[in-house]
Structures are given as structure tokens and as C-alpha cells.
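# Observations on the model geometry
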Amino acid sequence: MENETLINNPQNTPNKRKGIVRKIMKSLFWCFAGFIGFLGTYFMLYLLLSYFSVDKVPVKQATITIYLMRSGSHTDIILPKCNDLVDWNKYFPIENTKSKDTTVKLLALGWGDKDFYLNTPTWGDLTVKTFLNASLGLGSSSIHATYYYYLLTDRPTVTLKLSRMQYQNLTKFIISNIKLDKKGKSLVLRPKNTEIITENDAFYDANFNYNLFYTCNTWINSCLKVSGQKACVWTPFSEGIFYQYGK
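A short tour of the structure in this document, coming up. Keep in mind that this is a model prediction, so the values were computed, not measured.

### A short note on the overall build of the chain
Check the secondary structure of the chain and you find 7 helices and 9 strands. Burial status across the chain gives 41% buried among its 247 residues. A separation threshold of at least 6 residues defines the contact pool for the chain, and within that pool the share at least 24 residues apart is 76%. For the chain, the exposed area adds up to about 14500 Å²; of that, 61% sits on carbon and sulfur atoms.

### Describing the environment of N119
Within the element layout of this structure, N119 appears in helix 3 (residues 114-119). Relative accessible area serves as the criterion here: at 41%, N119 is assigned to the partly exposed category. For the pair N119 and P191, spaced 72 residues apart in sequence, the C-alpha to C-alpha distance is 7.2 Å. A distance of 2.3 Å separates a polar atom in the side chain of N119 from a polar atom in the side chain of D115.

### Examining helix 6 (residues 216-226)
Buried residues dominate helix 6, accounting for 9 of its 11 residues. Residue G228 follows helix 6 closely and has a positive phi angle near 70°.

### Considerations on helix 5 (residues 164-176)
The end-to-end C-alpha distance of helix 5 is 18 Å, a good match for the 18 Å that 13 residues give at a rise of 1.5 Å each. Three or more residues of helix 5 are buried, namely Q166, Y167, L170, T171, F173 and I174. Buried residues of helix 5, viewed axially, fall in a sector of 160°; they line one side. The exposed residues of helix 5 that point more than 90 degrees off its buried face are M165 and K172. Each element contacted by the buried residues of helix 5 is listed here: strand 2 (64-71), strand 3 (74-80), strand 4 (106-113), strand 6 (157-162) and helix 6.

Rules of the game
- Residues numbered from 1 in each chain as written.
- Predicted model: local features only at pLDDT ≥ 70, side-chain atom pairs only at ≥ 80, totals over all residues.
- Heavy atoms only, no water.
- Helix = DSSP H or I, 4+ residues; strand = E, 2+ residues; numbered from the N terminus.
- Buried < 20%, exposed > 50% of the residue type's maximum accessible area, 1.4 Å probe, protein only.
- Contact = heavy atoms within 4.5 Å.
- Areas by Shrake-Rupley, 256 points an atom, 1.4 Å probe, with all protein chains shown as cover.
- Polar contact = N/O pair within 3.5 Å; in protein donor to acceptor, adjacent residues only side chain to side chain.
- Expected span 1.5 Å × (residues − 1).
- Arc of directions from axis to C-beta.

The following block contains the structure:
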């Protein structure tokens, strides 16, 4: 009887509620502290590993010119449209662009989260769902291929010289990231938002997933590593890459 009286005593209800509130607040505090701790560790790793270099591999005959181009927080790698080693039109057909102009000479490639590329023309269009899916690696990826007539001069660029072997290693890496059908053809993507597409670009389905630790700039950094160029140990941001080249 005494125990039943204690259990049924309405005065115990406020104490129970206070206990539940304390537990919830404590859980929220530790979640917030864990999030801040994760961000702190992430940016410490970025600062440390971005500014440590992977040295360039010296070669005797570096005859192929490529470029790095920075557009805000994103980096593209710019390649010759065609040479005797690879014709990029095979993987990124000019026929898939609006202009279909075969006189273009350069091809800029960037890799990233598919939903972000296709549905987020500006930072103002970024949704929580897109951000979380991209950050956690829950979405798929795509390659943005843009043809140019000449090198743009309104943004930071870096000129690199590669040997034939280095360029072959680079092309193998890029091709391995393209999602191909059974016939070996790339899969073009058609954004619903027409503002995303310009006259000379298109999007293609790609392999692997974007996440906080493997971003569009990490992909470019991997391109530099496989082609024997100076690179960061690891970087998720364009600042790390261009720091290596004094930009």
C-alpha cells in the first residue's frame, strides 16, 4: 500500500518531468558538443593536410599542357579536347551541348554531387536535404563537362606540363570515374532547370559518391596525384590546391 501511494502520488509527476527534461537537455548538449568537436577536427585536418605537399614527379619530356581553373569554391581541370592519346568527344560528345560546335579546343571537367550539380544553380537554391545527402555521401555523383574556345582570363588558373605517361595516367583515372553503359558509352544527364546548362556544357553520370571527405576538390587533388603533379596530402577545398601553386 505504501509503494502504491508513492507511485500514484501526483506530486511525483513534476519530478519525473524535470528528470526527462534534464535527460533531453543533456543529450542535446552532448550532440551539440560532438558536432562542434567534429567540425573542429575536420577543419584542423584540412588546415594540416591541405598545406602539406605531395611533391611533383620530375620528368624529362613534359609536352602536354593542362590547366587548373578556380571558380569560387570549385576547381576544374582543363584538358586538350583531343590529341593522339585520347579524344574526349568519345566520352563527352559535343553533340550533347546546345551549340554542338566542333571548333572548341579545350575541355573543363569537374566532378561532384549529382543533386547539387543538377538542382542547385545558386547557393540560395541549396536545400537541407541536398546538403545532408551530399555531406553524408547518400547521393550519387556526376561529371560536369564544359567545352571552351580559349582559356578564360577572369579567374585564377594554373598551367601544368605533363609527360605522355602522366597524361595517360590522368585519362585512365578520369575514365574510371565515368559511369558507362553496356556499350561503353557515357550517360548524359538532362537537368530539369534549364538555367544550369549553357551553350557548351553537359552533365554525365559518374561513379563514386561525394561526401565531406571526398569533395569536388578532393577529386581534382586526386587527378593531380595520379598525374605526378604537386598536390595536397588531402583537401576538401579549392584554397588548399591553389595554395600549393601560390595562388
